[in-house]
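In case you want the letters, here they are:
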Amino acid sequence: MPAVLVLTGAVLAVGTIFVRGFEPAGPVSSPLSGPLSGPLDSHVGGATLASAIDAAQRRLRTVPKDWSTWAALGSAYVQQARVTGNPAFYPKAEGALRRSLELESATNWQALVGMGALANARHDFPAALDWGRKAEKVNASAGSAQGVIVDALTQLGSYQEARDAVQRMLDVEPGISAFARASYDLELHGDVPRARYALQRALDDAAAPADVAFCRYYLGELAFNAGDQAGALKEYDQAIAADATYQLAYAGRGKAAFALGRTEQALADYARVTQALPLPELLAEYGDVLTAAGRTDQARQQYDLLDAAQALFTANGVVDKLTAARFAADHDQPAEALTDARAEFAARPNALAADTLAWALHRNGRDDEALSHADAAIKLGWRNAALYYHRGAILAALGDRDKARADLTTAMGINPHFDPLQAPRARALLDSLGGPA
């Protein structure tokens, strides 16, 4: 029986569907990650978070055993880490949340949710799922508990269970976070129109400037990933107009501007966002745009900063081999790429990890082994140009020219500007095989 996802009065029948949700330690705006990007629910404005943290700290100086305020403080620290790109807030979050649970463990679903969100941010997805399940047992009507569960299950590749959890979230708390996760689910399954509709529902619920910016940014991501760079640019501009402090919108505008040939604007936007939000993913993107623009010395500076940022995240408990593996595979470090990709796939065997492992295997000349993982990566139906480029390159290496041309044609049809360095290589490979199928 076909699955149906009910979005508060709207039924989206998708054959077998899935769920927009998790955003790792920091936003991922790469063509592989789709619209991931600030961690879900991080649309809370930075000023609002700073105010909430200050108020909680003042309260705890007066009432140090207020377990609910400890829980709120810990969760605010998790969000602050994501909004600022500073993982040093994660240990602070853990300390506050554990203190909350020491003071009250039986009914304290808020701290359990906070611990789950923290575990997701650190990429400890089995632990996140466990915390989310514990929170659900205490308060089954908490949408935030379902959000933790959705994010963990999605990253672990348990897509059917993730779908069930997103429906529960829509049932108990149909708001921006639930609609955003539903959008990501639908996008993963190739249903871009309904993914856009779900985000529009989120936008309809948005009142605060940061909420509007969040929704507009992800509408921009959907447009960009579908090859509509001009439409994406309009959404990113509207995100910035709504909240000029929503940093991811500058990264989105930068990549759209570069795709449209506006190099100087792109570089200015990337310079701004990487100063304010120095995440490994964004530093890698900026470096690649600089490389594509012929500014190799500046690109190397960004790649050096990427190494430092990854070390900082690791020191604060974040385990992210995916970014490292993809960067290494694309920058002539095949052995390192394969080591990290194998570790990532073992930890979370989802579509992205399968694709990353396939690409790392290809870079090591192990195309027979790579193909099965590339097949798994596109199994959901995700309309992701990078996935089809990778599979096409693997098929070409195996001598299957016709299938390679078909996949490369699909990649270029989805988004001919999916990556500043890889898209030109995909186009050149397709031309070498005789052009579009």
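Owing to the predicted nature of the structure, the values given are computational and were not obtained by experimental measurement.

1. What to know about the pattern of salt bridges
Argument step 1. What the rule picks out here adds up to 24 salt bridges.
Argument step 2. Arg 133 is the salt-bridge partner of Glu 136, the closest N and O atoms lying 3.7 Å from each other. Separated by three residues within a single helix, Glu 136 and Arg 133 lie in helix α5 (residues 125-138), roughly one turn from each other.
Argument step 3. Using a relative accessible area of 26% as the deciding quantity, one classes Arg 133 as partly exposed.

2. Overview of the environment of Leu 322
Argument step 1. Topologically, Leu 322 is positioned in helix α16 (residues 321-330).
Argument step 2. For Leu 322 and Thr 356, which are 34 residues apart along the polypeptide, the C-alpha to C-alpha distance reads 7.3 Å.
Argument step 3. Apart from the residues lying within four places of it in its own chain, the contact partners of Leu 322 are Glu 344, Arg 348, Leu 352, Ala 353 and Thr 356.

3. Structural notes on the packing of helix α9 (residues 192-205) against helix α10 (residues 209-225)
Argument step 1. Running from amino to carboxyl end, α9 crosses α10 at an angle of 165°, the nearest separation of the two axes being 9 Å. The pairing of α9 with α10 is recorded here as roughly antiparallel in orientation. Two packed elements cross with a definite hand, and for α9 against α10 that hand is left-handed. Contact residues: α9 offers Ala 195, Arg 196, Leu 199, Gln 200, Ala 202 and Leu 203, while α10 offers Val 212, Cys 215, Arg 216, Tyr 218, Leu 219 and Leu 222.

4. Topic: the UniProt feature "repeat: TPR" (unreviewed entry) in the chain
Argument step 1. Following the UniProt record, the feature "repeat: TPR" (unreviewed entry) maps to residues 385-418 here.
Argument step 2. Helix makes up 79% of residues 385-418 and strand 0%, whereas the separation of the span's terminal C-alpha atoms amounts to 6 Å.

What counts, and at which threshold
- Residues numbered from 1 in each chain as written.
- Predicted model: local features only at pLDDT ≥ 70, side-chain atom pairs only at ≥ 80, totals over all residues.
- Heavy atoms only, no water.
- Salt bridge = Lys/Arg side-chain N within 4 Å of Asp/Glu carboxyl O.
- Helix = DSSP H or I, 4+ residues; strand = E, 2+ residues; numbered from the N terminus.
- Buried < 20%, exposed > 50% of the residue type's maximum accessible area, 1.4 Å probe, protein only.
- Contact = heavy atoms within 4.5 Å.
- Axes fitted to C-alpha atoms, helices over the stretch in contact; angles between N-to-C directions.
- Parallel < 35°, antiparallel > 145°, perpendicular 65-115°, else oblique.
- Left-handed = near helix turned anticlockwise from the far one by under 90°.
- UniProt positions renumbered as here; feature names shortened; annotations may be inferred.

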